[in-house]
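These are the residues of each chain, in order.
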Amino acid sequence: MVCMKNKFKISTLILVIIFLSMVVRLFFLHPTFSDESFYFNVAKNIAEGKTPYKDFFFSHPPIQVYLIALLFKIFGASFFVGKILTLLTSSLSVLMIYLILKELYDEKTAFVAAIIFLVTPVFLSFSLIGYGMWEAMLFVLLSTYLIVRNKPLISSLVFLVAVFTTYLAIIYLPFLIALIFLRKQKIRSFFIPFLIAFFSSALILMMIFGNDYFNQTIFYHLTSKFGGQVTRSAQYFSMGPFFAFLAMISIFVAYMKKDKILLLFALVLLIADAIILLNFKLYFYHYFLISLPFCIMATGRSLIVSRDSIIRISILVIIFLSIVFNLQT
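What comes next concerns the included structure. Please read these numbers as outputs of a predicted model, since none were measured by experiment. (Residues numbered from 1 in each chain as written. Predicted model: local features only at pLDDT ≥ 70, side-chain atom pairs only at ≥ 80, totals over all residues. Heavy atoms only, no water.)

1. Notes on the pattern of salt bridges
Right, on to step 1. A complete count under the given rule lists 5 salt bridges for this structure.
Right, on to step 2. The residue glutamate 103 makes a salt bridge to arginine 149 at a minimum N-O spacing of 3.8 Å. Taken together, the positions of glutamate 103 in helix H4 (residues 79–104) and arginine 149 in the loop between helix H7 (133–148) and helix H8 (152–163) put the pair 46 residues apart, joining distant regions of the chain. (Salt bridge = Lys/Arg side-chain N within 4 Å of Asp/Glu carboxyl O. Helix = DSSP H or I, 4+ residues; strand = E, 2+ residues; numbered from the N terminus.)

Okay, structure coming up:
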């Protein structure tokens, strides 16, 4: 009975903390000099009856801007309304971290990881900017949670939504398949429905928007982001290395504890970030956002399960330094 009361208290506490975080960040909503201005203008045009890919150029899948357009249609077009979607999805992503780890491990691990994620400079800096990555992150995390709950079919459809929110989500397909394998589920129960739904959705979008959909999204990104002269933003190197170190510490802990899922979570950031760093000729930090929660989940578990004080102190020092070195951001 006491154990159940403690679990209820932890679950209630994390919900309160997430809610308070949302309320506080409401007071910091403001227009940002970034890609979000473009996305909001696209959503405004859609809300006014125009069609992307036909009436104007748009290089991304449609889900994010249509969600914003729906909000604009209901509440009117404004920066505040547009940012509500990002505020909500970033907050729900914290909750998904908690739910995934609670299912995989325990309440204590889940709580610690959720709190770490909330105080990372990445979350504090970017969780109010409408890049579309937070929406995609939420769907990838929800897909992960459904695999943990042994629902690979539904997970595949949710992951499809992530892909048509941002094509970068496809990088995480091998990770989800590996998680299914480690959970001893049937890979075909996820992979085959995903393939069928993906190509069917692509065909439907081509029928709705015409060939311009392919030219402005798939072909445009293949020609603009790969090959040619390298022009890379230094933004990644102010934050990314801290999480790379956390991932490497978690890999060591996973090896010592023989925890394959912990190892998988720690590897996600290193592999996904390497793919982007080595192949993209242009990138910004928000390209790397989706891999962050997996690194933090691995970090939270490592902090709880490790009995080595040096490892624990190292994790806390790295988190602290990541905040100190990015205070200006």
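Now that the structure is up, let's keep going.
2. Digging into a positive patch on the surface
Right, on to step 1. Together, Lys108, Lys257, Arg307 and Arg312 give the surface a local cluster of positive charge.
Right, on to step 2. Turning to its location among the elements, lysine 108 is positioned in helix H5 (residues 107–119).
Right, on to step 3. Overall, the relative accessible area of 56% leaves lysine 108 in the exposed class. (Patch = residues over 30% accessible without salt bridge, like charges linked within 9 Å, V, L, I, M, F, W, Y side chains within 5 Å. Areas by Shrake-Rupley, 256 points an atom, 1.4 Å probe, with all protein chains shown as cover. Lys, Arg positive; Asp, Glu negative; His and termini not counted. Charge placed at Lys NZ, Arg CZ, Asp CG, Glu CD. Buried < 20%, exposed > 50% of the residue type's maximum accessible area, 1.4 Å probe, protein only.)

3. Focus: helix H3 (residues 63–75)
Working note: α-helix, 3.6 residues per turn, so residues spaced by three or four point in the same direction.
Right, on to step 1. Its 13 residues place the ends of H3 18 Å apart at the C-alpha level, agreeing with the 18 Å of an ideal helix rising 1.5 Å per residue.
Right, on to step 2. Every buried residue of H3 is listed here: Gln64, Val65, Ile68, Ala69, Leu71 and Phe72. The buried residues of H3 all sit within an arc of 160° when viewed along its axis, so they share a single face. Structural note: H3 exposes Lys73 and Ile74 on the side pointing more than 90 degrees away from its buried face.
Right, on to step 3. In this structure, the buried residues of H3 make contact with helix H2 (36–47), H4 and H7.
Right, on to step 4. Two residues or fewer past H3, glycine 76 is found with a positive phi of approximately 95°. (Expected span 1.5 Å × (residues − 1). Arc of directions from axis to C-beta. Contact = heavy atoms within 4.5 Å.)

4. Digging into the packing of helix H12 (residues 236–257) against helix H14 (residues 292–305)
Right, on to step 1. Two elements in contact, H12 and H14, have axes whose closest approach is 9 Å; the angle formed by their N-to-C orientations is 50°. By the angle class used here, H12 and H14 are oblique. As for the relative orientation of H12 and H14, their crossing is left-handed in sense. Taken together, the residues of H14 that come into contact with H12 (itself represented by Phe243, Leu246, Ala247, Ser250, Val253 and Lys257) are Leu292, Cys295, Ile296, Ala298, Thr299, Ser302 and Val305. (Axes fitted to C-alpha atoms, helices over the stretch in contact; angles between N-to-C directions. Parallel < 35°, antiparallel > 145°, perpendicular 65-115°, else oblique. Left-handed = near helix turned anticlockwise from the far one by under 90°.)

5. Topic: the packing of H7 against H14
Right, on to step 1. Between H7 and H14, whose axes approach to 10 Å, the crossing angle comes to 50°. It follows from the interaxial angle that H7 and H14 lie oblique. Side by side, H7 and H14 meet where Met137, Val140, Leu141 and Thr144 of the first sit next to Pro293, Phe294 and Met297 of the second.
Right, on to step 2. When grouped by side-chain class, the residues that make up the contact of H7 with H14 number 6 nonpolar, 1 polar and no charged. (Nonpolar A, V, L, I, M, F, W, Y, C, P; charged D, E, K, R; others polar.)

6. Quick notes on the environment of lysine 44
Right, on to step 1. As for its placement among the helices and strands, lysine 44 is situated in helix H2.
Right, on to step 2. Considered as a pair, lysine 44 and alanine 77 are 33 residues apart in the sequence and their alpha carbons are 6.3 Å apart.
Right, on to step 3. Apart from the residues lying within four places of it in its own chain, the contact partners of lysine 44 are Phe72 and Ala77.

7. Let's talk about H7
Right, on to step 1. Across its 16 residues, H7 extends 22 Å between first and last C-alpha, which sits within 8% of the 22 Å expected from 1.5 Å per residue.
Right, on to step 2. Burial of H7 is extensive: 15 of the 16 residues sit out of reach of the surface.
Right, on to step 3. The positive-phi residue at the C-terminal boundary of H7 is asparagine 150, with phi of around 65°.

8. As for a nonpolar patch on the surface
Right, on to step 1. A contiguous nonpolar surface patch, about 700 Å² in accessible area, is contributed by Ile313, Val317, Phe320, Leu321, Val324, Phe325 and Leu327.
Right, on to step 2. Mapping valine 324 onto the fold places it in helix H15 (residues 309–324).

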